[in-house]
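Residue-level structural notes
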Amino acid sequence: MKLITILIPAYNEEEVLYKLYHRLSKVINNITNYEFELLFVNDGSKDQTINIIKELRETDIRVSYIDLSRNYGKETAMLAGFDYTRGDALIIIDADLQDPPELIPEMIELWEQGYDDVFAKRKSRSGESWLKKWTSKSFYRVLQKVSRIKIEEDTGDFRLLDKRCVRALQQLRETQRYTKGMFSWIGFNKKEILFDRDPRAAGTTKWNYAKLMDLAIEGITSFTTFPLRISSFIGVIVSFLAFIYMFVIIFKTLFFGEKIIGYPSTMSVILFLGGIQLLSLGVIGEYLGRVFNETKNRPLYFINEYNGQREPYLKGLENLREYNNEREKEFNENK
Ligand code: UDP
Ligand code: MG
């Protein structure tokens, strides 16, 4: 029987984990012809997240977890999940229930039809401000223009990946990660399904505009050197104009003389050129920084504790289902 791993990165998600677990198990208990593994990655949470995960594991043998040594960010938490997954397919889902687990059966169906990467595309984004929607939209527009690979707009990390994709992703070990771009970069057979993205079930988003800005720069610098090209391009144009202006000045001085005026024009030229030089330096610096970070060649994360497959993993699926239903009843009564 095929095993499907569900990867759930969680950072300070104590308020939603039970809810998530219940909605998820409701869905997967109804899918009888697969085994499931719920792989939680605790990304250095400062609240009760890890204890809740451990408690879930006590009652449900499908639950396994990776406890990272500190908060590494979602991108790295997902990589840890890729490394430890055992399934024939992997489903990545946010802990906050913004990605409806009810889509999972449809994803599996498409996977069985031969697609390797079934990703969920948002029809709507309720619960997000117009500013976030707008910035996100313009970011994708820019990214699409400057990079050669197509990066899907309005898709998150909610998707089903075949083992082949997971193996590919395990090999992309950049420190500054933009996973959404990697999904596109590795290729394979892709298929989209549409859904309505709900607002967070509880808790607050871990993103702020500074982090999003970081991710945007990451997205651009990790997939294209286009900004470097732009600075060369601007450099060429500006030097060309400067060259022409030099001739104008020389001829003007030769034929009409010069009575030291022109402070404003000198200043504007200096400021303009200075600005452009700083800008280009900044762009070069961004790339240099990436080179620096990659050359350190550090491991991408450390694991505090991994608790996976419990022996014997399966005594037969019927037993498992019975066992889980009992636990669920127990759990509901205690609550
Ligand atoms: N997350 C994580 N590490 C972090 C930040 C977030 O593992 O440093 C997880 C978080 O628990 C959630 C998912 O990444 O499961 C998406 O985070 P969030 O809901 O805050 O992002 P948004 O939906 O607002 O983009
Ligand atoms: Mg969210």
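**Section: the layout of surface pockets**
Put simply, the second largest pocket is a space of about 330 Å³. As for the second largest pocket, its lining consists of 13 residues, and the residues nearest its centre are Tyr245, Lys252, Glu258, Ile261 and Ser265. Every element with two or more residues in the lining of the second largest pocket is listed here: helix H9 (226–256) and helix H10 (263–295). It is H9 that contributes the most residues to the lining of the second largest pocket, five residues altogether. Partitioned by chemical class, the residues of the lining of the second largest pocket number six nonpolar, four polar and three charged.

**Observations concerning helix H8 (residues 209–223)**
Here H8 is 15 residues long and its end C-alpha atoms lie 21 Å apart, about the 21 Å a rise of 1.5 Å per residue gives. Where H8 is concerned, the buried positions are Leu215, Ala216, Glu218, Gly219, Ile220, Thr221, Ser222 and Phe223.

**Some remarks on the packing of H9 against H10**
Running from amino to carboxyl end, H9 crosses H10 at an angle of 160°, the nearest separation of the two axes being 9 Å. Between H9 and H10, the angle is such that the two are roughly antiparallel. Read as a crossing pair, H9 and H10 show a hand that is left-handed. Contacts between H9 and H10 involve Phe226, Pro227, Leu228, Ser231, Ile234, Val238 and Tyr245 from the first element and Ser265, Val269, Phe272, Leu273, Ile276, Ser280, Val283, Ile284 and Tyr287 from the second. In terms of residue class, the contact of H9 with H10 is made up of 13 nonpolar, three polar and no charged.

**Considering the coordination of the magnesium ion (ligand 2)**
Protein-derived ligands of the magnesium ion (ligand 2) are Asp96 (OD) and Gln98 (OE1), with the metal-ligand distances lying across 1.9 Å. Owing to a relative accessible area of 4%, aspartate 96 belongs among the buried residues under this scheme.

**Quick word on the packing of helix H1 (residues 17–29) against helix H2 (residues 49–59)**
Across the interface, H1 lies against H2 with an axial gap of 10 Å and an inter-helix angle of 35°. Once H1 is placed against H2, the crossing between them reads as right-handed. Of H2, the residues touching H1 (which contributes Leu17, Tyr18 and Tyr21) are Thr49, Ile52, Ile53, Glu55 and Leu56. Class assignment of the residues belonging to the contact of H1 with H2 gives a composition of six nonpolar, one polar and one charged.

**Some thoughts on the pairing of strand E6 (residues 155–162)**
Most of E6 is tucked away, with eight of its eight residues classed as buried. Here strand E4 (residues 89–92) pairs with E6 via four bridges, running antiparallel. Each bridged residue has a counterpart across the sheet, and for leucine 90 the counterpart in E6 is leucine 161.

**Regarding the pattern of salt bridges**
Summed over the entire model, instances satisfying the criterion amount to 15 salt bridges. In this structure, arginine 86 engages glutamate 37 in a salt bridge whose closest nitrogen and oxygen atoms are separated by 3.6 Å. Remark: glutamate 37 occurs in strand E2 (residues 35–42) and arginine 86 occurs in the loop between helix H3 (74–84) and E4; sequence separation between them is 49 residues. Measuring nitrogen to oxygen at the nearest pair gives 2.9 Å for the salt bridge that ties aspartate 60 to arginine 62.

**Let's talk about the site of ligand 1**
Glu13, Asp43, Asp96, Gln98 and Thr205 are the nearest of the 18 residues found near ligand 1. Asparagine 71 has a polar side-chain atom sitting 3.0 Å from an oxygen atom of ligand 1. One nitrogen or oxygen atom from the main chain of alanine 95 is found 2.9 Å from an oxygen atom belonging to ligand 1. Protein burial of ligand 1: of its 530 Å² of free accessible surface, 93% is covered by the chains. Looking at the shell around ligand 1 residue by residue, the classes come out as five nonpolar, four polar and nine charged.

Calculation rules
- Residues numbered from 1 in each chain as written.
- Chains lettered and ligands numbered in written order.
- Predicted model: local features only at pLDDT ≥ 70, side-chain atom pairs only at ≥ 80, totals over all residues.
- Heavy atoms only, no water.
- 1 Å grid on protein atoms, 1.4 Å probe; cavity = no way out; pocket = protein on both sides within 12 Å on 5 of 7 lines; lining within 4 Å.
- Points joined across faces, edges and corners; volume = space filled by probe spheres on them.
- Helix = DSSP H or I, 4+ residues; strand = E, 2+ residues; numbered from the N terminus.
- Nonpolar A, V, L, I, M, F, W, Y, C, P; charged D, E, K, R; others polar.
- Expected span 1.5 Å × (residues − 1).
- Buried < 20%, exposed > 50% of the residue type's maximum accessible area, 1.4 Å probe, protein only.
- Axes fitted to C-alpha atoms, helices over the stretch in contact; angles between N-to-C directions.
- Parallel < 35°, antiparallel > 145°, perpendicular 65-115°, else oblique.
- Left-handed = near helix turned anticlockwise from the far one by under 90°.
- Contact = heavy atoms within 4.5 Å.
- Donors = N, O, S within 2.8 Å, 3.2 Å for Na, K, Ca; no water.
- Pairing = 2+ DSSP bridges.
- Salt bridge = Lys/Arg side-chain N within 4 Å of Asp/Glu carboxyl O.
- Near = heavy atom within 4 Å.
- Polar contact = N/O pair within 3.5 Å; in protein donor to acceptor, adjacent residues only side chain to side chain.
- Areas by Shrake-Rupley, 256 points an atom, 1.4 Å probe, with all protein chains shown as cover.

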